[in-house]
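Chain by chain, the residues:
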Amino acid sequence: MASDGARKQFWKRSNTKLPGSIQHVYGAQHPPFDPLLHGTLLKSTAKLPTTPVKAKRVSTFQEFESNTSDAWDVGEDDDELLAMAAESLNTEVVMETAHRVLRNHSQRQGRPALQEVPGLQPKPRPEVEPPSPPSGDLRLVKSVSESHTSCPAEELRKLSSGIPKPVRPMTWKLLSGYLPANVDRRPATLQRKQKEYFAFIEHYYHSRNDEVHQDTYRQIHIDIPRMSPEVLILQPKVTEIFERILFIWAIRHPASGYVQGINDLVTPFFVVFICEYLEAEEMDAVDVSGVPTEVLRNIEADTYWCMSKLLDGIQDNYTFAQPGIQMKVKMLEELVSRIDEQVHQHLDQHEVRYLQFAFRWMNNLLMREVPLRCTIRLWDTYQSEPEGFSHFHLYVCAAFLVRWRKEILEERDFQELLLFLQNLPTAHWDDEDISLLLAEAYRLKFAFADAPNHYKK
């Protein structure tokens, strides 16, 4: 039998997994190839004939093409499909719905429907017009009205209020990529993934007190009681579930391991999935004592896999030195300097650095800045939006900062400014506030997402 030393040397050379070892998960910061995001890469190129073909008159192929409908041509006539969708769409209804969301909010809050942002405020006109590009830059940007022409009015109404509570658990599982779209495959997938998760528990969780893992487990054990809402987190069953989820994720992702901030990302999934079995009106006051043990086990496994799917797209936020967050905070600073130079200069004048308040916004995905009910509404959109957690979140943070423009400019002291930015008055926010925030974030995205040079002056 080979010695332990020889076995280790063989492991190093062959890079094959030894029995009982932890399977490393690298490269998770690069999400899987998405054909919806990279549709242009899927278009097939014309194939050359392998044998000589006799030349025919020019119109022959054109006549053949016009009289032939091929299933493989899907996606080739995007312009024609968009034109047909635009013709069948009542644009006035769509825009009226959007304006009604903003108008209802402004009437209740007693403030203008759109917050004034220098250089990007659309001109008030009786007809729908695209927003003006940033001052000083005459390049065209995608307008809000353009983006809505391919969205039916019914869909816009749904987006204005988020995902309905009864279907939210299933919708999140589908949008996160945890469940397949095929209905017949879902039960088998759930059973297989739940079984796989508890196999991890059985195989690894006992090692939490080993010397190699005890620091990780200790930090998780310390961080969980600091989470919110306290009514939920301080329930012993919930604490144990969160500890298992975070510990298993950490040892299966050695490239990052456990980092403070990841613990907060468990809560929304767990609360959404548990509410499927409870009648609690307030998400902050969920009591799991009456939930059967088998149901809690299934919810724990579902929460683990959905959280893992989320972190696969933002894992560079939690690797060494957290480069993903550093980059996003820098992009936020450049973006705010373009959309509201006065706010940017005011922060700079009082030596307030973006990392001092925005690091937490990126690290915890604004979960420490808004109530849990608002976080869940926000995540409805993040999961519906391609790269919502990794990309769209930037524009939400920019809209969130500019939302407090008046209060920021009134503060004339470094300490007071930082204290305000770290304790924003959002305790009474509801879905309507989040809808307005998202509307502004979409407006910024349409102006800047396809024009990265607009970040810079």
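All figures in this text were calculated on a predicted structure; none of them were measured in a lab.

Digging into the overall build of the protein
Okay, so step 1: In terms of helices and strands, the protein carries 22 helices and zero strands.
Okay, so step 2: Counting only residues that meet the buried cut, the protein has 43% of its 457 residues in that class.
Okay, so step 3: Long-range contacts, defined here as pairs at least 24 residues apart, represent 75% of the contacts in the protein between residues at least 6 apart.
Okay, so step 4: Total accessible area on the protein stands at roughly 26100 Å², and carbon and sulfur atoms take up 54% of it.

Focus: helix α17 (residues 355-363)
Okay, so step 1: Listed in full, the buried residues belonging to α17 are F357, A358, W361, M362 and N363.
Okay, so step 2: In this structure, the buried residues of α17 make contact with α15 (323-339), α16 (341-349), α19 (388-402) and α21 (414-422).
Okay, so step 3: Just beyond α17, the residue with positive phi is L365, at close to 55 degrees.

Re the packing of aromatic side chains
Okay, so step 1: In total, this model carries 25 aromatic pairs according to the counting rule given.
Okay, so step 2: An angle of 80 degrees between the planes, with centres 6.4 Å apart, marks the rings of Y205 and Y217 as edge-to-face. A residue pair is termed long-range when its members are at least 10 positions apart, and Y205 in the loop between α9 (186-204) and α10 (214-223) and Y217 in helix α10 qualify at twelve residues.
Okay, so step 3: Ring geometry for W404 versus W429: centroids 5.9 Å apart, planes at 20 degrees, classification stacked.

Notes on the nonpolar core
Okay, so step 1: The biggest cluster of nonpolar side chains holds 106 residues, and the ones touching the most others in it are L265, F270, I274, L347 and W379.
Okay, so step 2: The greatest single-element share of this core, amounting to eleven residues, is contributed by α19.
Okay, so step 3: Here this core spans two domains, since at least three of its residues come from each of domain 1 (152-312) and domain 2 (323-449).
Okay, so step 4: Setting aside residues up to four positions removed in sequence, F270 forms contacts with L232, V238, I241, F242, V288, L296, I299 and T303.

As for the pattern of salt bridges
Okay, so step 1: Throughout the structure, instances matching the rule amount to 14 salt bridges.
Okay, so step 2: A salt bridge links R443 to E440; its shortest N-O distance comes to 2.8 Å. With a gap of three residues between them, R443 and E440 both fall in helix α22 (residues 431-448), about one helical turn apart.
Okay, so step 3: Since its relative accessible area comes to 8%, R443 is described here as buried.

A closer look at the environment of E369
Okay, so step 1: By the secondary structure assignment, E369 is in the loop between α17 and α18 (372-384).
Okay, so step 2: Sequence-distant contacts of E369, defined by excluding residues within four places in its chain, comprise R360, W361, F400, L421, Q422 and T426.
Okay, so step 3: Looking at E369, its side chain comes within polar contact range of the side chain of R360, at 2.8 Å.

Some details on the packing of α9 against helix α12 (residues 236-252)
Okay, so step 1: Viewed as axis vectors pointing N to C, α9 and α12 meet at an angle of 80 degrees, and their least axial separation amounts to 11 Å. In terms of axis orientation, α9 runs roughly perpendicular to α12. Contacts between α9 and α12 involve Y197, F200, I201 and Y204 on the former and, on the latter, R244, I245, F247, I248, I251 and R252.
Okay, so step 2: In terms of residue class, the contact of α9 with α12 is built from eight nonpolar, no polar and two charged.

A closer look at α22
Okay, so step 1: An ideal rise of 1.5 Å per residue puts 26 Å on 18 residues; α22 measures up with 25 Å between its terminal C-alpha atoms.
Okay, so step 2: Between a side-chain oxygen at the N-terminus of α22 and the backbone nitrogen of E432 the separation is 3.1 Å; the capping residue is D430.

Remarks on the confidence of the model for the protein
Okay, so step 1: The pLDDT averaged across the protein works out to 76; a share of 63% of its residues lies at or above 70.
Okay, so step 2: Ignoring residues within four places in sequence, the model shows residues 10-59, a span with pLDDT below 50, making 42 contacts including any to other chains.

Notes on unusual backbone geometry
Okay, so step 1: In this structure, the amide linkage connecting S228 to the following residue, P229, adopts the cis form with an omega of 0 degrees.
Okay, so step 2: Here P229 shows up in the loop between α10 and α11 (230-233).
Okay, so step 3: Backbone geometry at Q322 places phi at a positive 50 degrees, although glycine is not the residue there.
Okay, so step 4: The phi dihedral of L366 falls on the positive side, at around 65 degrees, and the residue is not glycine.
Okay, so step 5: Mapping L366 onto the fold places it in the loop between α17 and α18.

Calculation criteria
- Residues numbered from 1 in each chain as written.
- Predicted model: local features only at pLDDT ≥ 70, side-chain atom pairs only at ≥ 80, totals over all residues.
- Heavy atoms only, no water.
- Helix = DSSP H or I, 4+ residues; strand = E, 2+ residues; numbered from the N terminus.
- Buried < 20%, exposed > 50% of the residue type's maximum accessible area, 1.4 Å probe, protein only.
- Contact = heavy atoms within 4.5 Å.
- Areas by Shrake-Rupley, 256 points an atom, 1.4 Å probe, with all protein chains shown as cover.
- Phe/Tyr/Trp six-rings, centres within 6.5 Å; stacked < 30°, edge-to-face > 60°.
- Core = buried A, V, L, I, M, F, W, Y, C linked by side-chain atoms within 4.5 Å.
- Domains from an automatic or database assignment.
- Salt bridge = Lys/Arg side-chain N within 4 Å of Asp/Glu carboxyl O.
- Polar contact = N/O pair within 3.5 Å; in protein donor to acceptor, adjacent residues only side chain to side chain.
- Axes fitted to C-alpha atoms, helices over the stretch in contact; angles between N-to-C directions.
- Parallel < 35°, antiparallel > 145°, perpendicular 65-115°, else oblique.
- Nonpolar A, V, L, I, M, F, W, Y, C, P; charged D, E, K, R; others polar.
- Expected span 1.5 Å × (residues − 1).
- pLDDT = per-residue confidence, 0-100.

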